[in-house]
Structures are given as structure tokens and as C-alpha cells.
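Overview (structure and organization)
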Amino acid sequence: MRRIRSVILAILLGLGALADVAGASEAEAWSALRAGGHVVLMRHADAPGGFGDPAGFKVEDCATQRNLSARGREDARKIGARLRSEAIAFERILASPWCRCIDTATLLAMGPVKTEGTFGNVVVLRDQRDSLTSGARAVIDQWTGSGNLLVVTHGANIQALTGIQPASGEIVVVRGGSGGGSVPVGRLILD
């Protein structure tokens, strides 16, 4: 019985420690965004249908892809409003060429959006995964702006870069510039 109590206590203490880490991670993410010079990796908002895209999809034709749901469009607007209410701005905004990423970035209403092929979906383009991930790391490593860079991409891409599998609309903040190495500073779930 004593051993069971000890195990339960250890589990509860471990859960408490995880909660502290999660809270610190969010606080660190906000601090980093306010300081500038970071790269914000955001998974596109809700786009039902699992991973990847339907057979025969075309990147240049949104009608053939998984697209944002009504909830995803609303979440993107809310996330943008929250970022603006926190006085967070972006010096540059990049998006994967997939429509759900472009639409998320546009609906944030944080500034002009430019597509960047190196953030293309590594699930669909699995034969290019290594080169896409290397290209994405190069973009992150080259970011030396005093402001933040926002990149709206896919969950699998963020996981390949950081080891974190984000939820739809989740933000992972990493250090920009050489030596940043895509090391996460913190995470935000704003929807």
C-alpha cells in the first residue's frame, strides 16, 4: 500500500512539473515575440480530412486540396486578433504554397503574405522531405531581422524542424539567425 501511495505521489508531482513547464513555455513564447528577432512557426488552422491531400490534388488548385473549415477560418481570425491585441507584429510573413496555409496567413490579417516552396507539405512531398527541411532551416537560420518572421506551414514540417507536433493553429516560437537551430523557445495555442 505504501508503494502505491509513493507511485501516485510521484505521478502527481510529475504532472505538476509538466504544468509548470507548459506555463513557462507560453510565457517564454510571449516574451520572445515581444522582443523580436524570432521565427514563429504556425500550423495552419483546422482543415478536416487527416493528413496530406486527396489523390490527384494540385497545389495551384484549391478545389483539389484539403481546405480550412468554417471553424479553421474563424480560428485564424481569432488568432490574428489575439496577436494584434498583444501588440505582436511581423516583419515578414511566409506561407506554404498549400491553400490552407495561405488562407490561414491571410485571415490572420497581420500583413502581406508571400508563399515559400521550402515550407511545402513534407507528408505529400515525402521524397523531398530532407531538402525541404534543410531549406526551411536555412530560412530560419538566415532570419536576422529585428522583428519576427511568421511562417504558416504544416504540422509535419514543424515536427521535422523542432520535434514538436503542433495542433491546428498552434504556434511554436524558435530563435532566428545562425545558431538558432530551430530550437523551440515556447509554444502558444490561441484558438
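Provided above is the structure to which this section pertains.
Let me begin by describing the structure that accompanies this report. (Residues numbered from 1 in each chain as written. Predicted model: local features only at pLDDT ≥ 70, side-chain atom pairs only at ≥ 80, totals over all residues. Heavy atoms only, no water.)

1. A look at the sheet that holds strand E6 (residues 184-188)
Heads up, the rule is: Whether two strands pair comes down to DSSP finding at least two bridges between them. Elements are defined by DSSP. Helices are runs of H or I of four residues or more, strands are runs of E of two residues or more, and each kind is numbered from the N terminus. What makes two residues a contact is simply this: any of their non-hydrogen atoms within 4.5 Å. Interaxial angles span 0 to 180 degrees and are taken between N-to-C directions of axes, which are lines fitted to C-alpha atoms, for helices over the stretch in contact.
Ordered by their spatial adjacency, six strands build an open sheet running E3-E2-E4-E1-E5-E6, and the pairing between neighbours is mixed. The open sheet terminates on both sides in strands that have one partner only, identified here as strand E3 (114-115) and E6. Relative to E3, strand E2 (residues 90-95) runs parallel, the two being bridged by two bridges. For Ala95, the partnering residue across the bridge sits in E3 and is Thr115. Running at roughly 140° to strand E1 (residues 38-43), helix H5 (residues 155-162) makes contact with E1, strand E4 (148-153), strand E5 (171-175) and E6 of the sheet.

2. Regarding the nonpolar core
Using the following cut-off: Here, the term nonpolar core denotes a set of buried Ala, Val, Leu, Ile, Met, Phe, Trp, Tyr and Cys residues that are joined through side-chain atoms within 4.5 Å. Categorising residues by exposure relies on relative accessible area from a 1.4 Å probe, with only protein chains included: less than 20% of the type maximum marks a residue as buried, more than 50% marks it as exposed, and the intermediate range marks it as partly exposed.
Core analysis: the biggest nonpolar cluster contains 23 residues, and Leu83, Phe90, Leu150, Ile171 and Val173 have the highest contact counts within it. Looking at this core, the element that brings in the most residues is helix H1 (residues 2-35), giving four residues. Not counting residues within four places of it along the chain, the set of residues in contact with Val173 comprises Ala29, Ala32, Leu33, His38, Val39, Val40, Val183, Pro184, Val185 and Gly186. Core analysis: the second largest hydrophobic core is formed by 15 residues, Leu41, Phe119, Ala136 and Val139 among them.

3. So, unusual backbone geometry
The backbone of Ala87 shows a phi angle near 60°, a positive value even though the residue is not glycine. Among the secondary structure elements, Ala87 is positioned in the loop between helix H2 (70-85) and E2. The class of Ala87 is exposed, set by a relative accessible area of 68%. Here the phi dihedral of Ala109 falls at roughly 55°; this positive angle occurs in a residue that is not glycine. On the basis of relative accessible area, Ala109 is assigned to the partly exposed category, the value being 48%.

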